[in-house]
Structures are given as C-alpha cells and as structure tokens.
Amino acid sequence: MASYLAQEVQLARRHDKILSQRSVLLQQMENHLGDKKTEKTSQTQAADAAYKRNAALLNDIEAAEKRLQARVHLQPHPDIVKLETLYWASVEESIPKWEQFLLGRAQTPVGFKKKKSTKYNISHPEGSAQR
C-alpha cells in the first residue's frame, strides 16, 4: 500500500506540474492572441488612414486637373491673342488681292514670287518637262 501512496503522490505532483505548464501555455497563448489583435487593429487603422489619404490626394489631383483645364480654355496668353489678331488682320487685308486668283480668274497677285524649279525640287523631278 505504501507503494500506491508513493505512486499517488508522484502522480499528484506530476499532475500539478502539468497543470502549471498548461496555465503558463494558456497565458502565453492569450498574450500572443492579444498581440495579434492589437497588431491587426493597428494595421487596419493604418490601411484606413492610407485609403483616406489616397482618396484625398486623388480628389486634389482631379481638382487641380479641372482648374488647369479651365485655365487653358479661358483665355490664351495676351501675346498669343495679339499675334492672332495681327494674323487675321493680315489675312483680311490680303483677301481682296488673292480672291480672284483663288477663284481661278486671275494670275498670282503682285508681290508673290514663284519659286524657280531646280533639278533637286521634289515637285519637279529630273527628267520632267516642267523645268
């Protein structure tokens, strides 16, 4: 009977040791799980912040693009406007001189010089009759 009692004491100690190891492992698991939850929460918050930041940047870029497009279509540079005005004034001034020529009723207007064709002219290659 003494051997049963010694065995029982030995088993009880082993049982207590196993229970303490179990308790340590459970505590470690709980700590690990808590760390994982905290990490996941911080990653989720970081992802949400990045999403909001990216959305704000995209909105800013789209707004800037719209402003730039509006500026392009509003008014050209004053020098461009001046050049366009001078160009169209020149065209309107030249229309009467060129009108009959463009309609095929007259020769080229005075002040317009024809280019002399050369043997290197693309429109009149060598050997053509229009030299």
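Residues numbered from 1 in each chain as written. Predicted model: local features only at pLDDT ≥ 70, side-chain atom pairs only at ≥ 80, totals over all residues. Heavy atoms only, no water.

A short note on the overall build of the protein
Then, number 1: The number of helices and strands found in the protein is two helices and zero strands.
Then, number 2: Of all 131 residues assigned to the protein, the portion counted as buried reaches 2%.
Then, number 3: Total accessible area computed for the protein in this model is approximately 12900 Å², and 58% of it derives from carbon and sulfur atoms. (Helix = DSSP H or I, 4+ residues; strand = E, 2+ residues; numbered from the N terminus. Buried < 20%, exposed > 50% of the residue type's maximum accessible area, 1.4 Å probe, protein only. Areas by Shrake-Rupley, 256 points an atom, 1.4 Å probe, with all protein chains shown as cover.)

Here we look at the packing of aromatic side chains
Then, number 1: Under the defined criterion, the tally for this structure stands at two aromatic pairs.
Then, number 2: With a centroid separation of 5.0 Å and an interplanar angle of 75°, the aromatic rings of Tyr87 and Trp88 are classed as edge-to-face. (Phe/Tyr/Trp six-rings, centres within 6.5 Å; stacked < 30°, edge-to-face > 60°.)

What to know about helix H2 (residues 78-102)
Then, number 1: Of all bends in H2, the biggest is about 55°, found at Pro96.
Then, number 2: Following H2 by one or two positions, Gly104 has its phi on the positive side, about 85°. (Bend = angle between axes of the 7 residues up to and from the residue.)

Some details on the confidence of the model for the protein
Then, number 1: Mean pLDDT over the protein stands at 85; residues scoring 70 or higher make up 84%.
Then, number 2: Contacts from residues 124-131, a stretch scored under 50 in pLDDT, to residues over four places away or in other chains number seven contacts. (pLDDT = per-residue confidence, 0-100. Contact = heavy atoms within 4.5 Å.)

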